[in-house]
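Here is how the chains run, residue by residue.
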Amino acid sequence: MREFISLIKKDITNAFRDKLLMYIIVAPIIMAILILLFAPSLDSPKLRFAVDNSVPHSFTNELEKYGTIESFNSFSKLEQRVLMSDDVPGIIYRDGEFEVILQGNEEDYLKSLPGMIIDNASQSTSIMPIEIQSLDVNRSIIRNVLEVSILVIIIIMGGAIMGLMIVGDKESKAIKSLAVSPLTTGKYLFEKAVASVIYSFVSSFVVAFIMWRFAFNAVNLLVLIIPFCLFGVAAGFLIGIFANNQNSSIVFIKTLSSVVIAISIASVFVPHKLEWMLYVFPNFWAFKVLKIVFIDKSLNYFNSFLIAIITNSLLVLALTIYAQKKFKLR
């Protein structure tokens, strides 16, 4: 047991000394911070209007029923706002009439929509009655997909760290010295898997806190990522078994990550009747658990969770048996 713990400590220490492993550890956290900074613009897209101080306050109050108001104290500042890239129309009041300021290259509907809204907002009785209802959808699906994708990347990177550690042992011939130690192949692989899972759990909690602060249940998150952690371990075995050096490891990691992310994103947008085409991929079932909870906002994930546990456990078992024959520690 002491030897097992000392190996985990050694791997963790080596990970913080290796620049590539440090990048893998830190990169998902940086990505989560970027999502936190820039993703709010993806949530609940609303109409926006830029108005200056010539517009009557009573009209501005009416206009707020249709979208978000940005107020400016001069025409020049309003003009600068309109010239920005996000197609916000400007509204001014001159000589008893409202005028709409546009860049001129907007879509046709954006050219006519502000005038229609002004007509409605400026009439005591609406020309075209509009009823506004909220579906209480405050977050876009794109943001949800990005956040879940970060969790997927973290777990894949956990597998990548595990694979790189095995490849490092192969390159340094340390794995041959382990062959004369009491350590068995099973214990060796289990130690690498534990190190990978520890990284995945800790990093997932850190990133979840960055993205959602206290609005997540740590125990639920722990349970939900277990299937993907199994897949991460399988990915680590694949890299460790078939890659012979760091360069080939990087190729494996890039290829595997691209395929996993592509399948995960496809599972979000593919029509339900075509989902069967993805059933063969073990990571599909692991991602589906996360998708059901974090994207579909449902709790009916038990069947997918069970399939994910079974398929990924079988994959890990098959690779463990193969690795035992290949490494032949004991």
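For the structure itself, look to the data block above.
Residues numbered from 1 in each chain as written. Predicted model: local features only at pLDDT ≥ 70, side-chain atom pairs only at ≥ 80, totals over all residues. Heavy atoms only, no water.

Our focus in this paragraph is the environment of Ile153. With respect to the element layout, Ile153 can be found in helix α6 (residues 141–171). As for Ile153 and Pro28, which are separated by 125 residues in sequence, their C-alpha atoms are 7.0 Å apart. Contacts of Ile153, omitting those with residues within four sequence positions, involve Pro28, Met31 and Ile261. (Helix = DSSP H or I, 4+ residues; strand = E, 2+ residues; numbered from the N terminus. Contact = heavy atoms within 4.5 Å.)

Spanning 28 residues, helix α8 (residues 185–212) covers 40 Å between terminal C-alpha atoms, matching the ideal 40 Å at 1.5 Å per step. Positive phi shows up at Arg213, right after α8, with a value of about 50°. (Expected span 1.5 Å × (residues − 1).)

Let us now look at the sheet that holds strand β3 (residues 90–94). In space, the four strands of this open sheet follow the order β2-β1-β3-β4, with mixed pairing throughout. This sheet does not close on itself; its edge strands, each paired only once, are β2 (68–72) and β4 (97–101). Each adjacent strand pair in this sheet contributes to an overall mean axis angle of 30°, direction not counted. Pairing of strand β1 (residues 48–52) with β3, which is carried by two bridges, proceeds in the parallel orientation. In the sheet register, Ala50 faces β3, and the bridge partner there is Gly90. Packing of helix α4 (residues 75–82) onto the sheet brings it into contact with β1, β2, β3 and β4, and relative to β1 it is tilted by some 160°. (Pairing = 2+ DSSP bridges. Axes fitted to C-alpha atoms, helices over the stretch in contact; angles between N-to-C directions.)

Our next topic: the nonpolar core. Phe228, Leu290 and Phe294 are the most contacted members of the largest nonpolar core, which has 52 residues in total. Broken down by secondary-structure element, the contributors of at least two residues to this core are α2 (19–38), α6, α8, α9 (218–224), α10 (226–242), α11 (246–269), α12 (282–295) and α13 (302–327). Tallying contributions element by element places α6 first for this core, with 14 residues. Apart from residues no more than four positions distant in its own chain, Phe228 is found in contact with Val152, Ile155, Ile156, Val260, Asn283, Ala286, Phe287 and Leu290. Membership of the second largest hydrophobic core comes to 14 residues, among which are Met162, Ile175, Tyr188 and Ala323. (Core = buried A, V, L, I, M, F, W, Y, C linked by side-chain atoms within 4.5 Å. Buried < 20%, exposed > 50% of the residue type's maximum accessible area, 1.4 Å probe, protein only.)

A few words on unusual backbone geometry. The residue Asp95 is not glycine, and still its phi comes out positive at about 55°. If you trace the backbone, Asp95 turns up in the loop between β3 and β4.

The geometry of an aromatic ring pair is captured by two quantities: the separation of the ring centres and the angle between the planes. Under the counting rule described, the total for this entry stands at nine aromatic pairs. Arranged with centres 4.7 Å apart and planes meeting at 55°, the rings of Tyr93 and Phe98 form a pair that is tilted. Classification of Phe98 as partly exposed rests on a relative accessible area of 25%. With a centroid separation of 6.3 Å and 70° between ring planes, the pair formed by Tyr301 and Phe305 is classed as edge-to-face. Residue classification places Tyr301 among the partly exposed positions, given a relative accessible area of 22%. Ring-pair connections join several aromatic residues into one group, and the members of that group are Phe59, Tyr93 and Phe98. (Phe/Tyr/Trp six-rings, centres within 6.5 Å; stacked < 30°, edge-to-face > 60°.)

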